[in-house]
Amino acid sequence: MSRILDDSAALDIETPLGGLRLLASGPFLCGAWFLDQEDLGQPARPRPGEAELDVLRLAQAQLLQWFDGQRRAFDLPLAPRGTVFQRAVWDGLLALPFGATVSYGQLAQRIGRPRAIRALAQAVGRNPISIIIPCHRVVGYDTALTGFGGGLRRKHALLSHEGHRYPGHTARARRVCDGQMDLPW
């Protein structure tokens, strides 16, 4: 099921993990989905205007720097579309630095909603700006891989890029703490 975002324009880019669609509305990035994701966002307009083109090119450049290991944080104007609660969850994700992971319960505590773990998990799953709003950094309380809209193989690769080792790509895989970092690409 894809969603059309009003007043948005898109740019499809290649990453080491496959094609990624970036969506912008005016000078703000409002979406980033892998092209094979079920909830892939669709632009309302096929061609970006100048403001959208600027932020789309900036996002592309920063993502490529991130994948090349030249950047650990993003500096982009973001406008994710969601409820007040969802935006609070996404803000909590944005506060996680490169290489950090957090469980759903820990994230719920951090945003001041310790009893809202299920709602928080749904908000994480609805993150419209993959990688940049780092929902891949949310793992199970026992460090297990958990769901990811781009698939567990991509989540595994993103966590590996940030220094975490997992012996497999399944949801039961637990982090191995051996200090090794292998880039998956």
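Under an unreviewed UniProt entry, the name given to the protein is Methylated-DNA--protein-cysteine methyltransferase, and the organism recorded is Bordetella pseudohinzii. UniProt's Function (unreviewed entry) comment on the protein is quoted here verbatim: "Involved in the cellular defense against the biological effects of O6-methylguanine (O6-MeG) and O4-methylthymine (O4-MeT) in DNA. Repairs the methylated nucleobase in DNA by stoichiometrically transferring the methyl group to a cysteine residue in the enzyme. This is a suicide reaction: the enzyme is irreversibly inactivated." UniProt, in the comment section headed Subcellular location (unreviewed entry), describes the protein in these words: "Cytoplasm".

A. Structural detail: the nonpolar core. If you look at the biggest cluster of nonpolar residues, it comprises 38 residues, and the most contacted ones within it are L22, L29, V89, L93, L107, L120 and V124. Of all the secondary-structure elements, those providing two or more residues to this core are β2 (18–25), β3 (28–34), α1 (50–67), α2 (84–94), α3 (104–110), α4 (117–125) and α5 (152–161). Looking at this core, the element that brings in the most residues is α1, giving 6 residues. Residues lining this core come from more than one domain, with at least three contributed by each of domain 1 (3–68) and domain 2 (84–177). Listed in part, the 5 residues of the second largest apolar core include A10, L23, C30 and W33.

B. Looking closely at the pairing of β2. Counting buried positions along β2 gives 8 out of 8 residues, so the element sits mostly inside the fold. Where β2 folds back onto β3 in an antiparallel hairpin, the turn is made up of 2 residues, including G26, whose phi is positive at roughly 60 degrees.

C. Summary view of the packing of aromatic side chains. Scanning the entire structure with this criterion turns up 3 aromatic pairs. Consider the rings of W66 and F98, whose centres lie 6.1 Å apart with planes at 70 degrees: the pair is edge-to-face. In this pair, W66 sits in helix α1 while F98 sits in the loop between α2 and β5 (102–103), placing the two residues 32 residues apart along the sequence. For the pair shown, W66 and F98 are each scored as buried. Three or more aromatic residues joined by ring pairs form one cluster here, namely W66, F67, F74 and F98. Lying over the aromatic face of F34, R154 brings its terminal NZ or CZ to 4.1 Å of the ring centre.

D. View of the UniProt feature "active site" (unreviewed entry) in the protein. Annotation from UniProt places "active site" (unreviewed entry) at C135. Counting through the fold element by element, C135 comes out in the loop between α4 and β6 (138–139). What C135 contacts, discounting residues up to four positions off in sequence, is L93, V124, N127, F148 and K155.

E. Representation of α1 in the model. For α1, which comprises 18 residues, the first-to-last C-alpha distance of 26 Å matches the rise-based estimate of 26 Å (1.5 Å per residue) to within 8%. Among the residues of α1, those classed as buried are E52, L53, V55, L56, A59, Q62, L63, W66 and F67. Phi turns positive one or two residues past the end of α1, at G69, with a value near 80 degrees.

F. Structural context of the side chain of Q86. With respect to the helices and strands, Q86 occurs in helix α2. Given a relative accessible area of 13%, Q86 falls into the buried group. A polar contact of 2.8 Å, which involves the side chain of Q86, links it to the backbone nitrogen of T83. Apart from the residues lying within four places of it in its own chain, the contact partners of Q86 are A123 and R126.

G. Summary view of the pattern of salt bridges. Counting across every chain of the model gives 3 salt bridges. A salt bridge links R154 to D36; the shortest N-O distance between them is 2.8 Å. With R154 in helix α5 and D36 in the loop between β3 and β4 (41–45), the pair connects residues that are 118 residues apart, well separated along the chain. For R154, a relative accessible area of 12% translates into the label buried.

H. Molecular detail of the confidence of the model for the protein. For the protein, per-residue confidence averages 88 on the pLDDT scale, and residues scoring 70 or more make up 85% of the total. Mean pLDDT across the secondary structure elements of the protein bottoms out at β4, with 73, and peaks at α2, with 98. Predicted confidence for residues 178–185 stays below pLDDT 50, and this span has 18 contacts to residues more than four positions away or in other chains.

What counts and how
Residues numbered from 1 in each chain as written. Predicted model: local features only at pLDDT ≥ 70, side-chain atom pairs only at ≥ 80, totals over all residues. Heavy atoms only, no water. UniProt positions renumbered as here; feature names shortened; annotations may be inferred. Core = buried A, V, L, I, M, F, W, Y, C linked by side-chain atoms within 4.5 Å. Buried < 20%, exposed > 50% of the residue type's maximum accessible area, 1.4 Å probe, protein only. Helix = DSSP H or I, 4+ residues; strand = E, 2+ residues; numbered from the N terminus. Domains from an automatic or database assignment. Pairing = 2+ DSSP bridges. Phe/Tyr/Trp six-rings, centres within 6.5 Å; stacked < 30°, edge-to-face > 60°. Lys NZ or Arg CZ within 6 Å of the ring centre and 35° of its normal. Contact = heavy atoms within 4.5 Å. Expected span 1.5 Å × (residues − 1). Polar contact = N/O pair within 3.5 Å; in protein donor to acceptor, adjacent residues only side chain to side chain. Salt bridge = Lys/Arg side-chain N within 4 Å of Asp/Glu carboxyl O. pLDDT = per-residue confidence, 0-100.

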